[in-house]
Amino acid sequence: MAVNASPGICRDCLSRPQPGVRRCPACGSPRVLHHEELSSLAIAHIDCDAFYAAIEKRDNPALRDKPLIIGGGKRGVVSTACYIARINGVRSAMPMLKALEACPQAVVLKPDMEKYARVGRQVREMMLALTPLVEPLSIDEAFLDLSGTQRLHGAEPAMVLARFAARVEKEIGITVSVGLSYCKFLAKVASDRDKPRGFSVIGRGEALSFLAGQPVTTIWGVGKTFAATLARDGIRTIGQLQRMERAELMRRYGTMGERLYSLSRGQDTRAVKPQGAAKSVSSETTFDHDIAALEDLVPVLRALSERVSARLKKADIAGRTVVLKLKSADFRIRTRNRQLGDPTRLADRIFRTGLDMLKREVDGTRFRLLGIGVADLTDAAKADPPDLVDTLSHKRALAEGAIDSLREKYGRQAVETGYTFARARNARPQRDR
Ligand code: DCP
Ligand code: MG
């Protein structure tokens, strides 16, 4: 690391040790944070440590030094294990029997969800006191965007976060781990790097070299299956992705290739979206009779796409990911999604993307529900750029604008497109989300 020009932060007494000083001169703590970009990074991911277990230990100090497993209940699996139990090999989602084989001396408690939700809300309220831009991901974790809050807090985001972590310990009695970076992807990766009671920073300057050594599964959205696909192509590390061209990645992996390209280079422009902001706009319908045939599903899909589009246009927003939802006669839910090159609010693009996914799902299965929607919402400014959309769909976009204005004048039924005209006779009224 290069020379640290700015002072560090003592995570225990919150003083500012001089650059490079490892042990806090004020309190003697070794938990001193230094990073060259400490004063400029503002996107954080905060995740509570061994959340359920930490709450139970707080409420019963006799459990403090014992291995503790929260779980059992209906599914018979581990919800979480404290870090002592983890040393013995216990993991979340492990069958309880296996967990107790690994750690027979563990204390097991059934989850008390109401209590955990209450603590989760408390933590969230403390986050909201720092910035309105808090995006919860689950009961115990959230993204925070602290850009532009320096004057309000009289300190840079890193210090605000260090104070926050100390305050959660003191006032709520559990610990958190903080990841600080310039984008969501790396903030989340960072928070996981130094658990528990961690504070990890990934700056712009080190993003590429840090990522190069990571496995592809570090990338958001790369699960076991996709990692296996990449491994078959000889790709195991993010460094390998960094050396590939965008076109090559897109040719091989479609829209996922685009994500591999940008995230492998530490490029992630997703904004922190506060709670309450809509996450998706969708519309779905349950049929009176189950439908298996594509030609019967298509008009429904078209009508639903138009509803979604109308709501996007009204709210002046657009979505970058099209989501298809199907429920089969035996109540199994399938969702498929596809990311577009640019956000859209056009019924035609939503429909065509949905149709493409729908075609792959039609295999004789009888469906009782069909839904379509868009996620990854953005404002409409960047939606459907005419120069990037191919000429044909540009014409369709213009036609769609014309249809919209006619409908505005004369009502929805005034203009039926070829698809909705044949609207399935057996669709019930739609439900919007
Ligand atoms: N949880 C669960 N089942 C899982 C994973 C998690 O019930 N398979 C619950 C229990 C956790 C809580 O959600 O306490 C938060 O999930 P995390 O993945 O953040 O796990 P922990 O907070 O327990 O541990 P860590 O310190 O790794 O964040
Ligand atoms: Mg957690």
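Residues numbered from 1 in each chain as written. Chains lettered and ligands numbered in written order. Predicted model: local features only at pLDDT ≥ 70, side-chain atom pairs only at ≥ 80, totals over all residues.

Within an unreviewed UniProt entry, the label attached to the protein reads DNA polymerase IV, and the organism entered is Chelativorans intermedius. Per UniProt, the comment on the protein under Subunit (unreviewed entry) is "Monomer." What the UniProt record of the protein gives under Sequence similarities (unreviewed entry) is the line "Belongs to the DNA polymerase type-Y family." (UniProt positions renumbered as here; feature names shortened; annotations may be inferred.)

It is worth spelling out the UniProt feature "site: Substrate discrimination" (unreviewed entry) in the protein at this point. Within this structure's numbering, the places UniProt gives as "site: Substrate discrimination" (unreviewed entry) are Tyr52. Tracing the backbone shows Tyr52 in helix H1 (residues 51-59). Sequence-distant contacts of Tyr52, defined by excluding residues within four places in its chain, comprise Ile70, Ser79, Thr80, Pro111 and Tyr116. (Helix = DSSP H or I, 4+ residues; strand = E, 2+ residues; numbered from the N terminus. Contact = placed C-beta atoms within 7 Å.)

Taken together, 15 residues sit near ligand 1, with Phe51, Tyr52, Ser79, Thr80 and Ser92 positioned nearest. Sorting the residues of the shell around ligand 1 by element identifies strand E3 (43-48), H1 and strand E5 (77-81) as the ones contributing at least two each. Among the residues making up the shell around ligand 1, the classes are represented as seven nonpolar, three polar and five charged. (Near = placed C-beta within 6 Å. Nonpolar A, V, L, I, M, F, W, Y, C, P; charged D, E, K, R; others polar.)

A few words on the environment of Asn88. Mapping Asn88 onto the fold places it in the loop between helix H2 (83-87) and helix H3 (96-102). The residues contacting Asn88, other than those within four sequence positions of it, are Pro67, Ala102 and Cys103.

Before going further, it helps to examine the sheet that holds strand E6 (residues 107-109). Read across the open sheet, the three strands follow the order E5-E4-E6; overall the sheet is mixed. Edge positions in the open sheet fall to E5 and E6, since each of these has one partner strand only. For this sheet, the mean angle separating the axes of adjacent strands, direction not counted, is 35 degrees. Bridge analysis of strand E4 (residues 68-72) against E5 gives four bridges, and the strand direction is antiparallel. Its bridge partner being in E5, Gly71 is matched across the sheet by Val78. Packing of H1 onto the sheet brings it into contact with E4, E5 and E6, and relative to E4 it is tilted by some 120 degrees. (Pairing = 2+ DSSP bridges. Axes fitted to C-alpha atoms, helices over the stretch in contact; angles between N-to-C directions.)

Direction of pairing for strand E12 (residues 317-328) relative to strand E13 (residues 333-344): antiparallel, over a ladder of eight bridges. By the bridge assignment for E13, Lys327 is matched with Ile333. A loop of four residues connects E12 with E13, the two strands running antiparallel in sequence, and Phe331 in this loop sits at a positive phi of about 65 degrees.

Packing of helix H11 (residues 246-253) against helix H12 (residues 255-264) leaves a shortest axis separation of 6 Å and a crossing angle of 145 degrees. Crossing geometry of H11 relative to H12 is assigned as right-handed. When H11 is examined against H12, the residues Arg246, Leu249, Met250, Arg252 and Tyr253 are found in contact with a partner set consisting of Met256, Gly257, Glu258, Leu260 and Tyr261. Here the contact of H11 with H12 is composed, by residue class, of six nonpolar, one polar and three charged. (Left-handed = near helix turned anticlockwise from the far one by under 90°.)

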